[in-house]
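Given next are the chains, with one letter for each unit.
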Amino acid sequence: MPLPYYVSPEQMMKDKAEYARKGISRGKAIVTIEYRDGVLLVAENPSTLLHKISEIYDRIAFAGVGKYNEFENMRVAGVRHADVKGYSYSRGDVSAKSLANAYSQALGNIFTQDIKPFEIEVLVVEVGDGNGTKNEIYHILYDGTIEDEKNYAAMGGQSEEIRRYLKDNFQESLDLAAARSWTGPRSAASSGASRPRCSISC
């Protein structure tokens, strides 16, 4: 009688993590930098049809790397979540933190319960409203882990090298021109003096 095929839970999680990381590392990098009046999001994206960065709600941006169809599903789910919460309660109740928690739960469940994990990492960014609230940057990994980033974030291909560069060279209170000079102008979520806005393009 043949023995049943068995893989230890530890080995299964390790294999899933390695599989997801390989898929993500093939994606083009996304860099996020805080500047004086908002947050700059930059994505290397040769396609004019696929958008790696978009606006989810007022002052809240989304960015994803990895398999496009998977992070696009996450983006659409986030838009629906924000719309329903904003309509049911108040627009002020929609926050990057609540969206990051929802993404974390979804990705964590997929990672532990499904055979194939999502090969994605996502970033949720909320720009401060100009009344003393700070910018928020949440980096959600393929297994649902949330990292609360400060000043800058990078994910996708060559993200480790980019993070090391930013760690050594980042300066607080950069203006938008200085922040763009590091990366090239592709996308910005910024809070204006009169009315907060989130302008996203990629």
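Look up a bit, the structure's there.
Residues numbered from 1 in each chain as written. Predicted model: local features only at pLDDT ≥ 70, side-chain atom pairs only at ≥ 80, totals over all residues. Heavy atoms only, no water.

Caption draft 1: Spotlight on the packing of aromatic side chains. Inspection of every chain in the model, using the stated rule, returns 4 aromatic pairs. Considering the side-chain rings of Tyr 68 and Phe 71, the 5.2 Å spacing of their centres and the 80° angle between planes classify their relative orientation as edge-to-face. Of this pair, Tyr 68 and Phe 71 both sit in helix 2 (residues 68–88), separated by 3 residues, roughly a single helical turn. Classification of Phe 71 as buried rests on a relative accessible area of 3%. Summarising the aromatic geometry, the rings of Tyr 152 and Phe 170 are spaced 5.6 Å apart at their centres and angled 55° between planes, so their arrangement reads as tilted. Of this pair, Tyr 152 sits in strand 8 (residues 152–155) while Phe 170 is found in the loop between helix 4 (159–169) and helix 5 (176–183), placing the two residues 18 residues apart along the sequence. Above the face of the Phe 111 ring, Lys 16 is positioned so that its terminal group lies 6.0 Å from the ring centre. (Phe/Tyr/Trp six-rings, centres within 6.5 Å; stacked < 30°, edge-to-face > 60°. Helix = DSSP H or I, 4+ residues; strand = E, 2+ residues; numbered from the N terminus. Buried < 20%, exposed > 50% of the residue type's maximum accessible area, 1.4 Å probe, protein only. Lys NZ or Arg CZ within 6 Å of the ring centre and 35° of its normal.)

Caption draft 2: Quick peek at the sheet that holds strand 6 (residues 136–140). Read from one edge of the open sheet, 5 strands run 3-4-5-6-7, paired in antiparallel fashion. On the outer flanks of this sheet lie strand 3 (53–57) and strand 7 (146–149), each paired with one strand and no other. Neighbouring strand axes in the sheet, compared pairwise and without regard to direction, differ in orientation by 25° on average. The pairing of strand 6 with strand 7 spans 4 bridges and is antiparallel. (Pairing = 2+ DSSP bridges. Axes fitted to C-alpha atoms, helices over the stretch in contact; angles between N-to-C directions.)

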